[in-house]
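# Notes for the structure review
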Amino acid sequence: MPVRDFYLGRQPILDRQQGLYGYEMLFRNAAGESAEIDNDVAATATVIAHTAQLGLEKVIGDALGFLNVDAEVLMSDIFVFLPRERVVLEIVESMVVNQAVLDRIADLTGHGFRFALDDVRLDAPEVQQLLPMVEYVKLDVRTMPLSGLTAAAPRFKREKKKLIAEKVESREEFDLCLGLGFDYFQGYYFARPAVISGRKLSPSQLAVLELMGLVTSDADNIEIERAVKRDVTLALNLLRLVNTPAIGMRHRIDSISQALTILGRRQLQRWLQIMLYAEPSRGGNSMTPLLLLATTRGRLLELLAQRLRPGQRNVAEIAFTVGIMSLMDALFGMPMTVIVEQIPVIDEVSQALLGRCGFFGDLLHLAECIERMEESDDQVLPALRELAISSEELIELEVAAFEWSDKVVRYAI
C-alpha cells in the first residue's frame, strides 16, 4: 500500500519529572474508516522504511521511539531500517504468541532491540510468556479500574519492569500513577489547562511579555535592547540563538545590539513567543513537552499556511502565532478568553483560538486531531479534505515541523 495512504502522529511519553522521554509513533490508515489495530500495524510496517529514509531522528529528536509491532511485522526484515538504540518495539495486545514469535523476540533482543508490552492484563496467559523478554509494561488508565492498577503496579515493579501509564489525560490521573510508582506517563494531561487560583507569571515570563509588547508596538531598538539586558536569561539565550548554525553567522556575535539587528523584528517576535514556554526552573532541561508541542504546532500551522496560501508571508506568520498561542492556557493556567484579552491579537487569531473558526481555526483543528489521534481518528480525514491537503503532503510537513522544533529547542533555548 502506498505511503500516501497513511498519516503520522506522535504521542509524548514523559518521565516522573515531566521531562520528555520518548514518543509513541502512530501511523494511521487514511482510507476513511476507523482504523483497526491490524491496519495500524500494517501501516507501521509500510511507513517505517519511509520514515527511516527521511531520518527517524527528525521525527523523534533525542527521544526514544515506541513502535507498534505484531507477529507479521516481527517476522519481517523491516528492522534493518531501525536504529536499535533509539527504538522500543511495542507488542500489541492482540498478537497471538507462539514459539516462532518467542524465538524471534529473543533473537531481536540479542541484537539490541528493546520491547514493551502494551495494554497488559494480569490474567492474560500471553503476558506470562512475554514478560521475561520485555523491558517496559504499559497499563491503560482508561480501561483498567483503580483496583487493577493498584494490584498490577507493584507486581510488575517486583519483576523489575519499567511501568508506563498510557492515556493519562488529567493531572489527577498523573498524580495517582505517580503515587503507584509508575516510571513514565503517556497522554496529553500536560497540555490540559489547569486553572490555578492565584497563579502568577514568572519574572522571565513577565519580561518576555514586556518585550513582546515593545516589539509589536514598534518601539526603538535602544528601548528593546535595554529590556533584554534587564533579564540575564533572555540576554544569554538571545546571544545563544544568533550564534547557532541555523542563523549562519561566520563570526561570533557577543553584542545584544548586534544580535537584535541580525535577528530582525519578525524573528525576534517568534523567538519571544517560544521563550514563554521555556522553564528556567528545570535546571537546564528545556526539553519540556509543552515547549516541544507548542513549537511543533506553530511550525506545522506555518508550513500548512505556506502550502495553502503561497506567497502570503503574513498569513504564514499569523498561523505560527495561532499555533504557539493555542497552548498558552495550559502554560499560564488561565482561560484562553483571559489571555486573548491581555495579549492583543487580531480578530482572526482570536476566533481561531476561542472557537477554532476560520482558516486558522481549521489549521489548528487539524493539528489537534493529529496530536490526539486515538481520540480523533474519524476527524483527521475530513479536516484534510476541507483544507485540500493529501496525507502524503501532511507527513512531509509534519516531519519538517518535528525537525524544526527539535533544533529550536535544542540550540536556541
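Preceding this paragraph is the structure being described.
Described below are features of the structure shown in this document. All of these numbers come straight from a predicted model, not from anything done at the bench.

## Observations concerning the overall build of the protein
On a plain count of helices and strands, the protein comes out with 19 helices and 8 strands. Sorting the 413 residues of the protein into buried and exposed places 54% on the buried side. In the protein, the proportion of contacts linking residues at least 24 apart, taken out of those at least 6 apart, comes to 65%. Accessible area of the protein: about 18,200 Å², with a carbon and sulfur share of 51%.

## Considering the nonpolar core
Ranked by size, the top nonpolar core spans 138 residues in total, and within it Leu139, Phe182 and Tyr277 carry the most contacts. Among the elements that make up this core, the one with the highest residue count is helix H12 (residues 289–308) (10 residues). Discounting residues that sit within four places of it in the chain, Leu139 has contacts with Val120, Met144, Leu149, Ala152, Phe156, Leu163, Ile164, Ala165, Glu166 and Phe182. Ile13, Phe66, Tyr136 and Ile164 belong to the second-largest nonpolar core, a separate cluster that totals 9 residues.

## Observations concerning the environment of Asn237
For Asn237, the position within the fold is in helix H10 (residues 232–242). Look at Asn237 and you get buried, because its relative accessible area is 7%.

## Side note on the packing of helix H9 (residues 221–229) against helix H11 (residues 256–275)
One way to put it is that H9 packs onto H11 with a least axis distance of 11 Å and a crossing angle of 105°. The angle between the axes of H9 and H11 places the two elements in the roughly perpendicular class. Residues Asn221, Ile224, Glu225, Val228 and Lys229 of H9 lie in contact with H11, whose contacting residues are Ile256, Ser257, Leu260, Arg265 and Leu268. Across the contact of H9 with H11, the residue classes tally to 5 nonpolar, 2 polar and 3 charged.

## Some details on the side chain of Asp183
Checked against the element boundaries, Asp183 lands in the loop between helix H7 (171–179) and strand E8 (184–186). Residue classification places Asp183 among the buried positions, given a relative accessible area of 18%. In this structure the side chain of Asp183 is engaged in a polar contact, spanning 3.1 Å, whose partner is the side chain of Lys157. Here Asp183 is in contact with Leu14, Asp15, Arg16, Lys157, Lys161, Lys162 and Leu163, once residues within four sequence places are set aside.

## Details of unusual backbone geometry
Here Lys160, not a glycine, exhibits a phi torsion of approximately 65°, which is positive. Within the fold, Lys160 resides in the loop between helix H6 (146–158) and strand E7 (162–166). In the Ramachandran plot, Arg356 falls in the positive-phi region, its phi being about 55° despite a non-glycine side chain. Considering the arrangement of structural elements, one finds Arg356 in the loop between helix H16 (347–355) and helix H17 (358–371). Arg356 gets classed as partly exposed once you look at its relative accessible area, which sits at 28%.

## Overview of the pairing of strand E5 (residues 114–117)
As paired strands, strand E4 (residues 87–91) and E5 are joined by 4 bridges and run parallel to one another. For Leu89, the partnering residue across the bridge sits in E5 and is Phe115. Between the parallel elements E4 and E5, the chain passes through helix H4 (residues 99–110) in a crossover that is right-handed. Across 2 bridges, E5 lies against strand E6 (residues 136–140) in parallel orientation. Its bridge partner being in E6, Ala116 is matched across the sheet by Tyr136.

Cut-offs and rules
Residues numbered from 1 in each chain as written. Predicted model: local features only at pLDDT ≥ 70, side-chain atom pairs only at ≥ 80, totals over all residues. Heavy atoms only, no water. Helix = DSSP H or I, 4+ residues; strand = E, 2+ residues; numbered from the N terminus. Buried < 20%, exposed > 50% of the residue type's maximum accessible area, 1.4 Å probe, protein only. Contact = heavy atoms within 4.5 Å. Areas by Shrake-Rupley, 256 points an atom, 1.4 Å probe, with all protein chains shown as cover. Core = buried A, V, L, I, M, F, W, Y, C linked by side-chain atoms within 4.5 Å. Axes fitted to C-alpha atoms, helices over the stretch in contact; angles between N-to-C directions. Parallel < 35°, antiparallel > 145°, perpendicular 65-115°, else oblique. Nonpolar A, V, L, I, M, F, W, Y, C, P; charged D, E, K, R; others polar. Polar contact = N/O pair within 3.5 Å; in protein donor to acceptor, adjacent residues only side chain to side chain. Pairing = 2+ DSSP bridges. Right-handed = clockwise from strand over helix to strand, strands pointing away.

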